[in-house]
Amino acid sequence: MMPIWTKSGKKHAVTLLKVQDCHVLKYISKEESGGKTSKLLVGGKNVSPFSKSESAMEIFKEAGVPRKQKVSIFNVTDDAIIKPGTPLYAAHFRPGQFVDVTGKTIGKGFQGVMKRWGFKGQPASHGQTKTHRRPGAISTNKAAKVYRGKKMPGKMGNIYRTSFGLKVWRINTKHDIIYVNGSVPGHTNCLVKVKDSKLPTYKDCNKNPPFPTFFADGDEKLPEDLYDDEIFQFTDPSLTYA
Amino acid sequence: RINSDGKPAKFQPPPKPVIIDKQKQREERRFLSPEFIPPRGRTDPLKFYIERKDMIQRRKVFNIPEFYVGHILAVTTADPYANEKTNRFVGICIQRGGKGLGATFVLRNVIEDQGVEICYELYSPRIQAIEVLKLEKRLDDNLMYLRDALPEYSTFDMNMKPVSRLEHEEIPVNKLQVRMKPKPWSKRWERPKYNVKGIKFELPEKKMKEAQKWSRPWLEFDMLREYDTSKIEEKIWKEVSEELKK
């Protein structure tokens, strides 16, 4: 995570996400998948092909691509279908867009009710016998049962969570890095899924994005760094207020 | 020539001239700002490389002078609420923290009997100028104990003139031992954890001996805590100096 300054002098914290060897793996049509839209399977980081069975490797063989560590599904409209085997780059996103990032949170293991659900526990002294971090009462008398989904101790973390509506501040096309506002679920160097935001406030935020995606062998030559309009670039002199 | 003994003196060749090569001496002194050294962790080195590129880019446009803890600096920042939209603060640097773009330094001064500490970010675009008024290193890396010292040790004149200094000389170390206010202090500076060398402790012997109870002499032999930065520093120094020369 890094700081980024805007032209008005405010500081924002930014997470760097690297797009590492992303390829489109497979196209599943609407009828096949049984959903409302067709789906595209996209794979992430390259890993060794020797630790998985042959049947799992079929998808990668058909696409002609080395085995990927993370495979995720994206719902796409029919005009955004891409041929399996095309590489995807960070330039698919543009600064000023809003993005949702999904990842597996850091696993904390078996945790008690105070850390997992934020319960207040009991006082440390004044006669409490062996009760300082316990949940206390778990149901009422009339209910005569414990409701399903009652917050209790258990395994915490290591589940998929999404942070919504994160702004993309800057894109580095040379190293394929996306600078995303705020924090993102997961530990350092973990694999995450980045999608266009589904929030209604950001529905019209994409002004001419590369559609269906940014093709590296096309005619467009992008500069090495793409900045949002409000970012203070380090090539400019220091800020002054008029 | 004849000696006082009457025997001919042995030929003594004149002493060889000692050539002090000032060019070589100049190159030997390297200073790499501590925020360039990446912390020990599992982050991708690519992230540090990209951050370094940004830091070097900022340094090309705006000069960040070489300074250590104990120097007296004057910083002018852009302030939308001030009269002339600029704010000048003079103070002694008590701490340098943070790595990468978020590196900070804390300046302390006592203004009208009120101690003031301001934490500035080195790479913030609001800083318009940093001038080093007085160069002197102190015995410690962290001068937070000045909060509990007598206020005369933290007062510096706001309109101080920059003290002239010969270039290519070693930075002088001020071995000043600071006198403290009576206890209680904000931290127990006599404990070996803080390893403070710049305080003149006027506590009784018994208290000093009791403070040594908290010493952990095994820490300096702990191999897992070792972080040898010499090779990393060399590489980064080469990279940074080459980029800045362009």
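Here the structure is shown first, and the text comes after it.
Bear in mind that the values here come from a model prediction, so they are computed numbers and not experimental data.

## Description of the sheet that holds strand β5 (residues 127-134) of chain B
Strand pairs in the sheet, formed through backbone hydrogen bonds, run parallel or antiparallel to each other. Residue and element names in this part refer to chain B. Read from one edge to the other, the open sheet built from five strands follows the order β4-β3-β2-β1-β5, with strand pairing classed as antiparallel. The open sheet terminates on both sides in strands that have one partner only, identified here as β4 (114-121) and β5. Each neighbouring strand pair of the sheet contributes to a mean axis angle of 35 degrees, computed without reference to strand direction. Direction of pairing for strand β2 (residues 86-97) relative to strand β3 (residues 104-111): antiparallel, over a ladder of five bridges. Looking across to β3, one finds that Q95 is bridged to V106.

## Some points on the nonpolar core
Grouped together as the largest cluster of nonpolar side chains are 59 residues, with contacts concentrated most on Y179 of chain A together with F105, Y123, Y145 and L146 of chain B. A per-element tally of this core places β2 of chain B first, with five residues. I82, I171, I178 and L226 of chain A belong to the second largest nonpolar core, which has 23 residues in total.

## Some points on empty space enclosed by the protein
Using a probe with the size of a water molecule, rolled over the atoms, empty space left in the structure can be pinpointed. Scanning all chains against the criterion turns up one cavity of 30 Å³ or more. A volume near 60 Å³ is recorded for the largest cavity. The wall of the largest cavity is formed by M2, P3, I4, W5, R170, Y227, I231, F232 and F234 of chain A together with D54 and L101 of chain B. The biggest single contributor to the lining of the largest cavity is strand β1 (residues 2-5) of chain A, with four residues.

## Some details on the interface of chain A and chain B
On the chain B side, the residues contacting the 26 residues of chain A number 27 residues. When the two sides are added together, the surface that chain A and chain B hide from each other amounts to roughly 2,200 Å², 63% of it contributed by carbon and sulfur. Counting the surface chain A buries against chain B, the share from its top three residues, W5, F234 and Y241 of chain A, is 31%. At the boundary of chain A with chain B, the tally comes to three salt bridges.

## Focus: the packing of aromatic side chains
All told, the structure shown has ten aromatic pairs over all chains when counted by the stated rule. Judged by centre distance (6.2 Å) and plane angle (75 degrees), the ring pair of Y145 of chain B and W189 of chain B falls under edge-to-face. In this pair, Y145 of chain B is assigned in the loop between β6 (137-138) and β7 (173-174) and W189 of chain B in the loop between β7 and α3 (205-211), connecting sequence segments 44 residues apart. Take Y145 of chain B: its relative accessible area is 1%, and that puts it in the buried class. Joined through ring pairs, the aromatic side chains of W5, F232 and F234 of chain A make up one cluster. The side chain of R96 of chain B reaches across the aromatic face of F67 of chain B, ending 4.1 Å from its centre.

Procedures and definitions
Residues numbered from 1 in each chain as written. Chains lettered and ligands numbered in written order. Predicted model: local features only at pLDDT ≥ 70, side-chain atom pairs only at ≥ 80, totals over all residues. Heavy atoms only, no water. Pairing = 2+ DSSP bridges. Helix = DSSP H or I, 4+ residues; strand = E, 2+ residues; numbered from the N terminus. Axes fitted to C-alpha atoms, helices over the stretch in contact; angles between N-to-C directions. Core = buried A, V, L, I, M, F, W, Y, C linked by side-chain atoms within 4.5 Å. Buried < 20%, exposed > 50% of the residue type's maximum accessible area, 1.4 Å probe, protein only. 1 Å grid on protein atoms, 1.4 Å probe; cavity = no way out; pocket = protein on both sides within 12 Å on 5 of 7 lines; lining within 4 Å. Points joined across faces, edges and corners; volume = space filled by probe spheres on them. Contact = heavy atoms within 4.5 Å. Buried area = accessible area lost by both parts, 1.4 Å probe. Salt bridge = Lys/Arg side-chain N within 4 Å of Asp/Glu carboxyl O. Phe/Tyr/Trp six-rings, centres within 6.5 Å; stacked < 30°, edge-to-face > 60°. Lys NZ or Arg CZ within 6 Å of the ring centre and 35° of its normal.

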